[in-house]
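Spelled out from the first residue to the last, the chains are:
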Amino acid sequence: MQSFFAMIWNMDDARATRHAQSLHQRIARMPDGFERVAWHPGFALFDLSSGRRTHSTLRLNQDDGSPGGAIFGTLFRAGDDNHPAPVTAFTAVEATCLCRSQGTSLVKDYWGHYVAFLACGETHVVIVDPTASIPCYHAMHDGVALFFSHLERCHFLDMSAFSINEDHVRTLLAYDKIQNGLTGLNDVSELLGGQRLRVSDAGMAIDRIWDPRKVALDVREPPA
C-alpha cells in the first residue's frame, strides 16, 4: 500500500517551524522506520508505505538550482502509448516547466497515479491525479499544512486535535458515495481528483485543473 505524509510550512514562522521539527523528531522515533524521501526548507515528504517500499518518489530540481518539490507515486509521459515506461527522473527544464505552470502541465503532459508537491516561488502547490488513486487528505495545525494518505498510519500526529464531523457521519450512513471534500473529521478535508491546492502566506486555496465535464464535451463522432 502506497502511503505518505507531507508537511509544508513558512520557515519565517517560528511556531510553525518548531511544530514541523517536533513532528520530524516524532517520525524519526517511530518503530516503523518511515523514510524521509524528499525535503527542502519549508517542505518534507515521508514514505509511510507498508510492506516493500516502492521508492516511487521523484524529486524535482529546477534549472536555476532551486528545489522544485517532489511527486509521490508513478508517472508516465503522455504519448508513450506503445511501450509506456515510468518516469524515473526529470530534467531541470521539465521541472522548471512544471513549477512555472503551477502543475497545469502535469495533467496535460503526463498521466499516472500520484500526488505532486511543487515549489512554485513563494507558493507550494499540491495536486492529486484525476483519478485520485492515492488519497490525499489535508489539515492545518500550528501553522503547518499537513498532508497524508492514511491517517491510521500517522501515529505521530496528535489525534486529540481532530473533532468528529457528526453531520457528515450521519449523512454517510444514508449514502456513502459523497465526494465533496468533507470527511468524518471537522479538521480534515480531502483533495479530490484533478484538484490543486495552493499553500502560501495568504493561506490555502483550492481550484480544479482537470475537469471531467470538459473531457465529456470532447465528443468523437463515429464515421458515417
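Description of the structure in this document. (Residues numbered from 1 in each chain as written. Predicted model: local features only at pLDDT ≥ 70, side-chain atom pairs only at ≥ 80, totals over all residues. Heavy atoms only, no water.)

### Things to note about the sheet that holds strand β9 (residues 144–148)
- Here six strands make up an open sheet; going across it, the order is β2-β3-β1-β9-β8-β10 and the pairing antiparallel. In this open sheet, the two strands that pair with only one neighbour each are β2 (35–40) and β10 (189–190).
- With five bridges joining them, strand β8 (residues 137–141) and β9 adopt antiparallel strand pairing. Paired with H141 across the two strands is V144, which belongs to β9. (Pairing = 2+ DSSP bridges. Helix = DSSP H or I, 4+ residues; strand = E, 2+ residues; numbered from the N terminus.)

### Examining the packing of aromatic side chains
- This model, assessed by the stated rule, comprises ten aromatic pairs.
- When the ring of F5 is compared with that of F156, the centres are 4.9 Å apart and the planes differ by 70°; the resulting orientation is edge-to-face. With F5 in strand β1 (residues 4–8) and F156 in the loop between β9 and α4 (166–174), the pair connects residues that are 151 residues apart, well separated along the chain.
- F5 gets classed as buried once you look at its relative accessible area, which sits at 0%.
- Ring geometry for F90 against Y110: centres 5.7 Å apart, planes inclined by 75°, an arrangement best described as edge-to-face. You can see F90 sitting in the loop between β5 (67–77) and α2 (92–100) and its partner Y110 sitting in strand β6 (residues 110–120), a full 20 residues away along the chain. With respect to class, F90 is no different from Y110; both count as buried.
- The rings of F4, F43, F72, F117 and F147 are connected pair by pair, giving a single aromatic cluster.
- Positioned above the aromatic ring of W39, the side-chain terminus of R36 is 4.0 Å from the ring centre.
- Positioned above the aromatic ring of W39, the side-chain terminus of R59 is 4.7 Å from the ring centre. (Phe/Tyr/Trp six-rings, centres within 6.5 Å; stacked < 30°, edge-to-face > 60°. Buried < 20%, exposed > 50% of the residue type's maximum accessible area, 1.4 Å probe, protein only. Lys NZ or Arg CZ within 6 Å of the ring centre and 35° of its normal.)

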